[in-house]
Amino acid sequence: MIFSRRNKGNGTHDKAIEVMYDLHAPWLFAICLRYTGNREDAEDVLQDGFIKIILAYKKFKPGGSLEAWMRRIIVNTALNHIRDHEKEKLFSELEPALEVVPDAEAFEGCDLTQNQLLELVSSLPAGYRMVFNLYVMEDYSHREIAEMLGISENTSRSQLLKARNLLRKRLNVYQNEKKYTERAASS
Amino acid sequence: MFIRMKKSIRKEQHPLDDLFRQGLDDLEVTPSREQRAIFLGEAADLAGKKSLSGWVYAGIGAGLLIIGLVTGLLIWGDHGSTVNVAYTARVQPVQQTVMTNPGQVATTTAPGTGHKAVFMREKAQASEAPAHPVKSLPAPSASVAPVIPGNMDGMQKPSTVIPATPATSTEPLITQAPVETSTPPSITTFTPDAPDQTTEQAEPFPTGNNESRKQVHAVKYTPPKNWDVCLGLYYSPEWMFNTLNGEKFVNNMGVDGTFHFGKYSVRTGLGLSITTGSNEMLVKTNPYVGTYSFLDSVQFNWDAMHYNLIATYYSTNKQVYDTTLLNNYSYIKKRYTYLQIPLILGYDFWQNSRISLGIRGGAVMSLLLKTENLSGSYNAGMDRVISINDISPDRIDLNWQAVAGISASLKLSGRFSLELEPEIRYYFNSVYESSVNTKKPWSAGMRSALLIKL
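Because the structure is a prediction, the values reported are computed rather than measured. (Residues numbered from 1 in each chain as written. Chains lettered and ligands numbered in written order. Predicted model: local features only at pLDDT ≥ 70, side-chain atom pairs only at ≥ 80, totals over all residues.)

### What about the overall build of chain A?
The secondary structure content of chain A amounts to seven helices and zero strands. When its helices and strands are written in sequence order, chain A yields α-α-α-α-α-α-α. Counting across all 187 residues of chain A, residues that qualify as buried make up 35%. In chain A, once contacts between residues fewer than 6 apart in sequence are set aside, the share between residues at least 24 apart is 68%. (Helix = DSSP H or I, 4+ residues; strand = E, 2+ residues; numbered from the N terminus. Buried ≥ 20, exposed ≤ 12 C-beta atoms within 10 Å, placed from the backbone. Contact = placed C-beta atoms within 7 Å.)

### Points about helix α4 (residues 114–122) of chain A
Listed in full, the buried residues belonging to α4 of chain A are Leu117, Leu118 and Val121 of chain A. Each buried residue of α4 of chain A sits inside an arc of 100 degrees when the element is viewed along its axis, so together they form one side. (Arc of directions from axis to C-beta.)

### Let's talk about the nonpolar core
Phe29, Cys32, Ile74, Val131 and Phe132 of chain A are the most contacted members of the largest nonpolar core, which totals 50 residues. Element by element, the count of residues in this core is highest for helix α1 (residues 12–36) of chain A, at 10 residues. Built from parts of two domains, this core gets at least three residues from each of domain 1 (1–85) and domain 2 (92–187) of chain A. Aside from chain neighbours lying at most four places away, what touches Phe29 of chain A is Ala42 and Leu46 of chain A together with Val29 and Pro31 of chain B. (Core = buried A, V, L, I, M, F, W, Y, C linked by C-beta atoms within 7 Å. Domains from an automatic or database assignment.)

### Considerations on the pairing of strand β6 (residues 249–261) of chain B
All names here are of chain B. Bridging between strand β5 (residues 227–241) and β6 involves 13 bridges; their strand directions are antiparallel. If you follow Tyr235 over to β6, its bridge partner there is Met253. Following β6, the chain reverses through two residues before pairing antiparallel with strand β7 (residues 264–286); Gly262 in that reversal takes a positive phi of roughly 65 degrees. (Pairing = 2+ DSSP bridges.)

### Section: the confidence of the model for chain B
Residue and element names in this part refer to chain B. Per-residue confidence for chain B averages 69 on the pLDDT scale, and 56% of its residues sit at or above 70. Of all secondary-structure elements in chain B, the lowest mean pLDDT belongs to strand β1 (residues 83–89), at 38, while strand β14 (residues 416–427) reaches the highest, 91. Between residues 79–209, whose pLDDT stays under 50, and residues either more than four places distant or in other chains, the model counts 211 contacts. Both confidence scores are given for the complex: pTM 0.38, ipTM 0.80. (pLDDT = per-residue confidence, 0-100.)

### Here we look at the environment of Thr316 of chain B
All names here are of chain B. Take Thr316: it is sitting in strand β9 (residues 309–321). Classification of Thr316 as exposed rests on a count of 9 C-beta atoms within 10 Å. It is 5.1 Å that separates the C-alpha atoms of Thr316 and Phe294, two residues lying 22 residues apart in sequence. Contacts of Thr316, omitting those with residues within four sequence positions, involve Phe294 and Asp296.

### With respect to the environment of Ser273 of chain B
Along the polypeptide, Ser273 of chain B turns up in strand β7. Separated by 95 residues in the primary sequence, Ser273 of chain B and Leu368 of chain B place their C-alpha atoms 9.0 Å from one another.

### Some remarks on unusual backbone geometry
Both trends apply: most residues other than glycine have a negative phi, and most peptide bonds are in trans. Unusually for a residue other than glycine, Asp139 of chain A sits at a positive phi of about 65 degrees. Tracing the chain through its elements places Asp139 of chain A in the loop between α5 (126–137) and α6 (142–149). One non-glycine residue, His306 of chain B, lies in positive phi territory at about 60 degrees. Tracing the chain through its elements places His306 of chain B in the loop between β8 (288–302) and β9.

### A short note on the packing of α4 of chain A against helix α2 (residues 15–24) of chain B
Interhelical geometry of α4 of chain A versus α2 of chain B gives an angle of 125 degrees and a closest axis separation of 9 Å. Considering the angle they form, α4 of chain A stands oblique to α2 of chain B. As α4 of chain A packs across α2 of chain B, the resulting crossing turns out to be left-handed. Contacts from Gln114, Leu117, Leu118 and Val121 of chain A of α4 of chain A reach α2 of chain B at Phe20, Gly23 and Leu24 of chain B. Taken together, the residues of the contact of α4 of chain A with α2 of chain B sort by class into five nonpolar, two polar and no charged. (Axes fitted to C-alpha atoms, helices over the stretch in contact; angles between N-to-C directions. Parallel < 35°, antiparallel > 145°, perpendicular 65-115°, else oblique. Left-handed = near helix turned anticlockwise from the far one by under 90°. Nonpolar A, V, L, I, M, F, W, Y, C, P; charged D, E, K, R; others polar.)

### Quick word on the packing of α5 of chain A against helix α7 (residues 153–186) of chain A
Residues and elements named next belong to chain A. Across the interface, α5 lies against α7 with an axial gap of 8 Å and an inter-helix angle of 100 degrees. As summarised for this structure, α5 and α7 are arranged roughly perpendicular, according to the angle between their axes. Only Ser156, Gln159, Leu160, Lys162, Ala163 and Leu166 of α7 make contact with α5, whose side of the interface consists of Gly127, Tyr128, Val131, Phe132 and Tyr135.

### Quick look at the pairing of β9 of chain B
Among the 13 residues of β9 of chain B, zero are classified as buried, and the element is accordingly described as predominantly exposed. The turn joining β8 of chain B and β9 of chain B, which pair antiparallel and follow one another in sequence, is formed by six residues; a positive phi near 60 degrees is taken by His306 of chain B.

Here it is in structure tokens:
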């Protein structure tokens, strides 16, 4: 392993960390941003997560996917960070959630940039954001999410529906604004 | 990627999900240069650093093992603390015969013992005494007459040992001593309060012909008591961390007994631990729409004249509910009561007459005794409740904690003392049944106890 104690002190070790950071930090940082919703917390999560990666490199089995392994560590670090730092109750809910299912073609013409999409996800409340990211971006099932977050499957479903509803509303606002701007420009 | 596609097929397809998934999947955001520099600086020393957790656990285990061994040695390895010392001594009846003239023999009784000490008072004219010592009688078997220099003010050191005489009579000695010696002053003393010397000197004397004349007394030597047992009432508020739904505060109270031996102590007892928590309930309901009058039956009867039929309608009010199933989430407050059995070892590193400071460490077993609902169930109003399910992870029946603390004990009066003990607990397992994400709880508490010395 390149992070071995043997390489410590001869520069190889430090260089390896640097290379690894430059290679993987950008996409891992994007994950951190998706979960935390702000840059400051995302930097904390990235730093903690990367340190865990370095410390736990011995546990990584060479046959597996390094990216998937790193991704899991970063996601878990982000979840713990949110849980530790979020003052308000993450999954409090008393009112039921009813999903408004959008048309399949409703978002076909949507031309939001990646940063705008990221902003939309970041604007979600922490509980919605966690479930939405885990379900949509990480492809976990509701059962897996329930186990990870210590909540029920129904809560996970409810959080996802609410997240979708909120995102849909904000997307509609965005699209209406866009249409209005286009009409104004054409007239 | 293949796995993701496969999983996505099983999942419901949702255009919104697809939009975000496609848009954000390959998103990259470069962290700031400052962040990079900070990380590289911190990470430079990390690789190759061995995780300390294993060593910490090993250290705690070794510490507990050492404390246990020391405790065991002190408790079970010290059977010899009560020493049976067999005195073989000349014991005479309580009788005081003091001869004030020089050269005479005085017999007196050692205070508090009932044993008679026999000695010869030194002649006043010590300088005139011959150099040779008193001719002593042959030493009888197992007779002991220890010499205590400290009791001889103004006397010469004893030069001989007076043999044992029959316990019932001092006559032989009294008569022999002046006759045979008649000259040099000599002192022979016997003090039964000096067991060590007696023991040492008892060995060389052979058992012999005077056995019938001696008396053998077994005297138990008991060292000063350096242990005690205390009974205590304690109360310990505890603040837990890494729990769900902010269930942090725990009340612990109970009775315990502490066995102190020197600086060490072992404490155990029975206590109750009471905490509250909120459980999330999923209530499925059908919304209430309204009420209508449902016609059950119509009865026709002739009127009195039998000209007209009178209809009587029988109906009941029927409530109508929407078929939509609503999921409602509510929280029910519950109280959990645990039985706690601690086993705490202690070492006092500083003690004075009133205050002692020490460290405490050990384990506590918590057994869930009962769970009570404190708040009422979900109020659905007019809606129809289809099902109510408890969806929060419940508490496990048994958990173990490691406890470490610093103890300060203040003696209030002869038998009562007050003990304060800030302590930290680490739970070896989560208190919840299903808690993949929940870290193992730990807690900080302050134990206060009133101790009664038994």
